[in-house]
Amino acid sequence: MRALAVSPGPSFPRPLLIAVPAGFPSPAEDFIEGQLDLNTYLVKNKIATFYVRVSGESMLPDIHPKDILVVDRSLNARDLSVVIALVDGELVCKRLRLDAGGAALVADNPSFPKPEAPTASLEIWGVVTAVIHRV
């Protein structure tokens, strides 16, 4: 998993259309709602945000290989948060499970094994706030 640096860079707003049904086409100019800058929309805390490209299938069906995750280090991880964590020197993307026994990281993909015990050496690097997925 590679972390991509966040560069504040110039703003690049693009037209945002109102809700578009998946039906017959109509002239797009009639439906422009305003401008949308994805940096503004996806990044709430510029200094604490980084991007991660996913490898592996443990978070299917919602997170796919090669998706880009928007990760905010300033957020507190809660039970069921999707997090980027450091486990035994390796970065992983998993769902955080918190209970009286401690913290565990679990895969969303049901074909992956469930953790046998809570993770002892676990450092949360950030909470995933968005998934950028190509269709």
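The text that follows walks through the structure, step by step, so that each part is easy to find. Note that the coordinates shown come from a computational prediction; the quantities given were computed from them, not determined experimentally.

Our focus in this paragraph is the overall build of the chain. The helix and strand inventory of the chain stands at 1 helix and 9 strands. Listed by position from the N terminus, the elements making up the chain come as β-β-β-α-β-β-β-β-β-β. Across the chain, contacts joining residues at least 24 apart in sequence account for 51% of those joining residues at least 6 apart. Looking at the chain as shown, the accessible area adds up to about 9400 Å², and 58% of this sits on carbon and sulfur atoms.

All right, on to the side chain of T49 then. Looking at the element boundaries, T49 is found in strand β4 (residues 49–53). Residue classification places T49 among the buried residues on the basis of a relative accessible area of 5%. Polar contacts involving the side chain of T49 include one to the main-chain carbonyl oxygen of N45, which spans 2.6 Å.

Our focus in this paragraph is the side chain of K94. With respect to the helices and strands, the residue K94 is situated in strand β7 (residues 90–99). Salt bridges are absent for the buried K94, whose nearest opposite-charge side chain, E90, sits at 7.8 Å. Within the structure, K94 has its side chain in polar contact with the side chain of S58 (distance 2.8 Å). Not counting residues within four places of it along the chain, the set of residues in contact with K94 comprises S58, M59, S81, V82, V83, L105, V106 and A107.

Cis geometry is found at the peptide bond from L60 to P61, where omega equals 15°. As for its placement among the helices and strands, P61 is situated in the loop between β4 and β5 (68–72). Of note, K66 is a non-glycine position whose phi angle comes to about 75°, a positive value. With relative accessibility at 66%, the residue K66 sits in the exposed group.

We now examine the pattern of salt bridges. Scanning the entire structure with this criterion turns up 2 salt bridges. Here D79 makes a salt bridge to R97, at a shortest N to O gap of 3.3 Å. Placement of D79 in the loop between β5 and β6 (82–87) and of R97 in strand β7 is noted, with a sequence separation of 18 residues between them. Residue D108 pairs with R95 through a salt bridge whose shortest N-O separation is 2.8 Å. Linking D108 in the loop between β8 (102–106) and β9 (122–132) with R95 in strand β7, this pair joins segments that are 13 residues apart in sequence. Under the relative-accessibility criterion, D108 is labelled partly exposed at 23%.

A few words on the nonpolar core. Core analysis: the biggest nonpolar cluster contains 11 residues, these being F50, V52, V54, M59, I63, L69, V71, V82, I84, C93 and V128. Elements supplying a minimum of two residues to this core: β4, β5 and β6. The next biggest cluster of nonpolar side chains, apart from the first, holds 8 residues, and it includes A85, V92, A103 and V127.

Turning to the packing of aromatic side chains, a few remarks are in order. Scanning all chains against the criterion turns up 0 aromatic pairs. The ring of Y41 has K44 sitting right over it, with the charged end atom 5.9 Å from the ring centre. Positioned above the aromatic ring of W125 is the side chain of R73, whose terminal nitrogen or guanidinium carbon lies 5.5 Å from the ring centre.

The rules behind the values
Residues numbered from 1 in each chain as written. Predicted model: local features only at pLDDT ≥ 70, side-chain atom pairs only at ≥ 80, totals over all residues. Heavy atoms only, no water. Helix = DSSP H or I, 4+ residues; strand = E, 2+ residues; numbered from the N terminus. Contact = heavy atoms within 4.5 Å. Areas by Shrake-Rupley, 256 points an atom, 1.4 Å probe, with all protein chains shown as cover. Buried < 20%, exposed > 50% of the residue type's maximum accessible area, 1.4 Å probe, protein only. Polar contact = N/O pair within 3.5 Å; in protein donor to acceptor, adjacent residues only side chain to side chain. Lys, Arg positive; Asp, Glu negative; His and termini not counted. Salt bridge = Lys/Arg side-chain N within 4 Å of Asp/Glu carboxyl O. Core = buried A, V, L, I, M, F, W, Y, C linked by side-chain atoms within 4.5 Å. Phe/Tyr/Trp six-rings, centres within 6.5 Å; stacked < 30°, edge-to-face > 60°. Lys NZ or Arg CZ within 6 Å of the ring centre and 35° of its normal.

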